[in-house]
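# Structural overview
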Amino acid sequence: MTRAKRNRLIYNIVTYAVVIAAFVILQSMIANKSISRTLKGQLVPICSWVIMAISLNLVIGFSGELSLGHAGFMSVGAYTGAIVSGYLLTARGVETEWLRLAVAIAAGGVAAGIAGVLIGIPVLRLRGDYLAIVTLAFGEIIRNLVNVIYVGVDGARMRFSFLNNDLPEGVTMLVDGAKGAVGIKRISTFTAGFVLVMITLVVVLNLVNSRAGRAIKATRDNRIAAESMGVPVTKYKMMAFVTAAVLAGMAGALYGLNSSTIVPAQFTFNQSINVLVFVVLGGLGNVLGSVISATLLTILPEVLRAFADYRMLAYAIVLILVMIFTNNPIVRSWADRIVAPAKRLLRGKRKAEGGDA
Amino acid sequence: MIFLNNLISGIGLGSIYAIIALGYTMVYGIAKMLNFAHGDVIMVGAYIAFCSLQYWGLPPVVAILLAMVVCTVMGVLIEGLAYRPLRQAASLAVLITAIGMSYLLQNLALLIWGANTKSFPRTFLNSSTIPLLGGRLSIPSATLFTIVANVVIMIALTLFTSRTKMGKAMRCVSEDRGAAELMGINVNRTISLTFAIGSGLAAIAGVLLCSSYPNLTPTTGSMPGIKAFTAAVFGGIGSIPGAMVGGVLLGVIEIFGKAYISTELGDAIVFAVLIIVLLLKPTGLLGKPMREKV
């Protein structure tokens, strides 16, 4: 086994271990009721934000494209999940909650995946800043469209309406335009969230360490070199983009089914930026980092309610400082001078090697 | 008549986009970066003008000048503190920094001025309406001032970049930064100057925007900012006449889209235009094709 391979294996094992350990500890805390109410209410959202961060990291960290419309996929998933779950309950009479949840999450993933393909085809032809601004545009378009969609259930039939609500009286509304998805039964559970996080980890960690993952990273590091080595760039970028969209859709369904209503305003550009902050702080291309930063930054605002006004300000400053510290050559060489001797001390005389995934 | 009215308000809105887009397009042409915080500089400019008029009782012209000075200084500071250290970094890092800067400005404004909507006071800019065609058509004076300001700025900037030494230096840097440096052009100072001009224009745009649409909040600048970037791309990024054409066209498309298709989908229509333009003609209407060097 080569060194790089061993490092990767250790990294993956640590990542899984951290998530499983967190789940076990939290479950035992729930069992003996030593968990605070606010934290308990945050468990499912934490799972969805962790999945969002990991999936966005796949696009930004591994495929090297800045996507600013990730919340759009989340909203597609959340709405689809709410509609499917509502339909199954009202029209089909499916009472089993876990079954409804599973079908809703799967449907959310599929719908977001389809949106991902449709958006990816035009978007991935572009590069750099243009790509970023178009993903932003798509995020806004999705938000605009869900504002004018009306879905209701009438007996066993689903009814749709666009722009104006012309559904007849007596229809059970599932999605009511700007009012959002209404009357959702809250069926998301922490266990379901945990399972979904584990699925995400398995998918992403296996993808980035596979042949396809190496191709994705090659297109990130040097698009032209990768292309001339015969790597079909658009195909692999598409693979990363759609995988991330599917995962974001599932996270959206999980998130949506955790509250009784969801409104389009929950999935704005700001939400995409929030996830971006998770990813950047956790480290681009570092899955475990995304898990930790998404968890901490979701809990932190609840703990530091008194500083709520300063939270976003601090996010902004941290975002800028992290970027300068990791990208400025002078700052980097200065940091290396401090970090490198420390690393050498820790590792004996072996030379420090790039230790990321 | 309604058509003509819509057309004029479209051109008015488009002129605001055009002035904002000038800032984007100049910075993009020279520093090769998308200055995401540009939209929020507009918001700061509008707040400064608001405070000068409402709290300090300054005359409108002084208020506008003060807003311009503050924004110019701020633009130069933003560039020097946040973007200059990343001059050699990957565009992804610069873009994320710019997003961080945009967030920083919004949240600073939120702390200083609060989340409540401020109503922009009436000035000579928006105090009257001008009747045309025997009173069958009335144009708000703010729209007229906006269109005039747009044309004046456009001519002044074109003259500046084609006639003056600093303007020529700017064009050199945008064409080939390395070669410009070898010819003795101070690249850092030229980029600072570009940010200064762009931010000064942003202050004017902020005042004009709030004269036509007087609701001022910390996020006032972000949507017009994004749309103005769309306009800059539409017209061909890096091109000053392109920003003008793109801005005006986008404003007209938005107003017509809202009037004849759907009010709720106005933004969606604008962004759909952006996507179609980028797919069919990625260099925009007046942009020059870019070649990729290996």
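In what follows, the structure referred to is the one given above.
Residues numbered from 1 in each chain as written. Chains lettered and ligands numbered in written order. Predicted model: local features only at pLDDT ≥ 70, side-chain atom pairs only at ≥ 80, totals over all residues. Heavy atoms only, no water.

### Examining the pattern of salt bridges
Residues and elements named next belong to chain B. Just so we agree on the cut-off: A carboxyl oxygen of Asp or Glu within 4 Å of a side-chain nitrogen of Lys or Arg is what we treat as a salt bridge. A run of H or I in DSSP counts as a helix once it spans at least four residues, and a run of E counts as a strand once it spans at least two, with each numbered from the N terminus. Burial classification: accessible surface area is computed with a 1.4 Å probe over protein chains only, and a residue below 20% of its type maximum counts as buried, one above 50% as exposed, and the rest as partly exposed.
All chains considered together, the criterion is met by eight salt bridges over all chains. Notably, a salt bridge pairs lysine 227 with glutamate 254, separated by 3.1 Å at the nearest N-O pair. Note that lysine 227 is positioned in helix 9 (residues 222-235) and glutamate 254 in helix 10 (residues 240-261), a separation of 27 residues in sequence. This pair shows no difference in class: lysine 227 is buried, exactly as glutamate 254 is. Through salt bridges with shared partners, a single network forms among Lys227, Glu254, Lys258 and Asp267.

### Concerning the packing of aromatic side chains
Basically, it comes down to this: Stacked, edge-to-face and tilted are the three classes for Phe, Tyr and Trp ring pairs, Trp counted by its six-membered ring, which pair at centre distances within 6.5 Å; planes under 30 degrees apart are stacked, over 60 edge-to-face, the rest tilted.
Evaluated as defined, the whole model comprises 13 aromatic pairs over all chains. Summarising the aromatic geometry, the rings of B:Phe3 and B:Phe256 are spaced 5.2 Å apart at their centres and angled 45 degrees between planes, so their arrangement reads as tilted. Separated by 253 residues along the polypeptide, B:Phe3 in helix 1 (residues 2-31) and B:Phe256 in helix 10 bring together distant segments of the chain. Residue B:Phe3 is classed as partly exposed on the basis of its relative accessible area of 45%. Members of the aromatic cluster, each reached through a chain of ring pairs, are A:Trp49, A:Tyr255, A:Phe267 and A:Phe278.

### Overview of a positive patch on the surface
All names here are of chain A. For clarity, the threshold we go by: Patch membership requires over 30% relative accessible area and the absence of a salt bridge. Like charges are linked within 9 Å, and nonpolar side chains (Val, Leu, Ile, Met, Phe, Trp, Tyr) within 5 Å. Computed with a 1.4 Å probe, the accessible areas rest on the Shrake-Rupley method; for each residue, only the protein chains presented here act as cover. The sign given to each residue is positive for Lys and Arg and negative for Asp and Glu; His and the chain ends receive no count. Here the site of a charge means NZ on Lys, CZ on Arg, CG on Asp, or CD on Glu.
Taken together, the side chains of Lys5, Arg211, Arg214 and Lys235 make up a positively charged region of the molecular surface. Inspection of the secondary structure puts lysine 5 in helix 1 (residues 3-31). Looking at lysine 5, the relative accessible area reads 47%, which means it is partly exposed.

### Thoughts on the sheet that holds strand 3 (residues 172-176) of chain A
All names here are of chain A. Filter applied, for reference: By this definition, two strands are paired if DSSP reports at least two bridges between them. Think of each axis as a best-fit line through the C-alpha atoms, taken over the contacting stretch in the case of a helix, with angles from 0 to 180 degrees between the N-to-C directions.
Taken together, three strands build an open sheet; the order of strands is 2-1-3 and the sheet is antiparallel. Looking at which strands have only one partner, the edges of the open sheet turn out to be strand 2 (157-162) and strand 3. Looking at each pair of strands side by side, their axes are set apart by 20 degrees on average, direction ignored. The pairing of strand 1 (residues 149-154) with strand 2 spans six bridges and is classified as antiparallel.

### Brief notes about a nonpolar patch on the surface
Together, A:Leu300, A:Val303, A:Leu304, A:Phe307, A:Tyr310, B:Leu108, B:Leu111 and B:Ile112 make up a nonpolar patch on the protein surface, roughly 760 Å² of accessible area in all. Contributions of two or more residues to the nonpolar patch are made by helix 11 (287-303) of chain A together with helix 4 (91-113) of chain B. Counting residues per element, the nonpolar patch draws most heavily on helix 4 of chain B, at three residues. As for its position among the elements, A:Tyr310 is in helix 12 (residues 308-327).

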